[in-house]
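The residues making up each chain are set out below.
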Amino acid sequence: MQTFADPAQLRHTPQFFLQRGQVRRNFEVPERAGALLAALHRMGLAPQEPGAATREALLTLHDAGYIDFLEGATRAWNGLQEHGPEAVANMHPSPEMLEQGAICPDSIIGRVGWYTADTACPIGPGTWEAAAGAAGVALAAADSVAQGGTAYALCRPPGHHAYAGRAGGHCYINNSALAAERLRAAGAAKVATLDIDAHHGNGTQGIFWQRADVLTLSVHGDPSGYYPWYVGHAGETGAGAGAGFNVNLPLARGTTDDTWLAAIDAAIARVQEFGADALVVPLGFDASEHEPLSFLSVSADGFARAAKKLAALNLPTVLVQEGGYAVEVIGGLLERFLNAWGR
Ligand SMILES: [Zn+2]
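Parameters at a glance
Residues numbered from 1 in each chain as written. Predicted model: local features only at pLDDT ≥ 70, side-chain atom pairs only at ≥ 80, totals over all residues. Heavy atoms only, no water. UniProt positions renumbered as here; feature names shortened; annotations may be inferred. Core = buried A, V, L, I, M, F, W, Y, C linked by side-chain atoms within 4.5 Å. Buried < 20%, exposed > 50% of the residue type's maximum accessible area, 1.4 Å probe, protein only. Helix = DSSP H or I, 4+ residues; strand = E, 2+ residues; numbered from the N terminus. Contact = heavy atoms within 4.5 Å. Salt bridge = Lys/Arg side-chain N within 4 Å of Asp/Glu carboxyl O.

Looking up the chain in an unreviewed UniProt entry gives the name Histone deacetylase family protein, with the organism given as Teichococcus aerophilus. Quoted verbatim from the Cofactor (unreviewed entry) field of UniProt, the annotation for the chain is "Zn(2+)". The Sequence similarities (unreviewed entry) comment attached to the chain in UniProt states, word for word, "Belongs to the histone deacetylase family."

See the structure below:
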């Protein structure tokens, strides 16, 4: 198995996080990448460092205006008088405003609200470099499996909550979606993304919502009680040409191994029925029973069993790191997962 990472990912150090009205330190910390990297080295899987994604590669899925915003946000923010250390929105255009012709202004204050979905994606020094680095990692991993095999992309910040033109939930660039698109470009006629992060992969769903060539599946905590709150329900199945090509499998709070794995089995059956030529697994470890903001309760053994099931599809596969915030356990979970994958 080939692995990929980028040292620029350590330069993103988000501080701001708003939880139940309280400002807390953000838990999407550089130490997450450090723990995952240490696990790779323990396994003798030292990662390659492919470098940042090009603008052209990002624009295969992301909006040009959004990429310009991300790249220039910190400089513009630092030009404000009495600014805080990171760009965080204090207003977003409402659906009513958007329906009535809302326009994205030139002011960075208005632009941050336009291009972010929530307060969980602060933009500070190093954020752009880390996000572009993570995207480069996912794309290189996709390139490496174009002829078969499995690759692991150590991506930080994660990506599956990022839409084509909007950041959210610790995510800026949708690394998993870029990997899927790159596999399509490399010749896979049908690609499936099977997201096992504890949170719904809403950004990936949004990006492929109207497409039939990428089957988007997500196994996650029921959004009626968990981020991203508004979407991730079973009734969201795609639209237009993509109708029937989006699959959500929400699970109740406290779900343990057997029920979680049964949902993964159901998702795998859909991948087989679809006839995927390649697979992307947005791989979060926040379904762990040790997760600080735990909703699901999956054991290390459960993750190993999931890896075996997914590996048995025997498809060219990119494993793209998403969430997982229990720094002291995620390295061990990655080790269990990759060992169980076994090729
Ligand atoms: Zn997550």
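Student: Please set out the nonpolar core residue by residue, giving values where relevant.
Tutor: Judged by nonpolar contacts, the single largest core of 54 residues is most densely connected at L194, I196, W260, I264, F285, L310 and F337. Those elements that place two or more of their residues in this core are α1 (30-42), β5 (191-195), β6 (214-221), β7 (246-251), α9 (257-274), β8 (278-283), α10 (300-311) and α11 (327-341). Here W260 is in contact with I196, V219, L251, T255, A287, L296, V298, G302, F303 and A306, once residues within four sequence places are set aside.

Student: Please provide a residue-by-residue account of the pattern of salt bridges, values included.
Tutor: The final tally for this structure, using the stated rule, is 12 salt bridges. D213 is paired through a salt bridge with R211; the nearest N and O atoms lie 2.9 Å apart. With a relative accessible area of 18%, D213 lands in the buried category. By relative accessible area, which is 22% here, R211 ends up partly exposed. Note that D265 is salt-bridged to K309, the shortest N-O span being 2.9 Å. Taken together, the residues D265 in helix α9 and K309 in helix α10 connect sequence positions 44 residues apart. By relative accessible area, D265 is classed as partly exposed at 36%.

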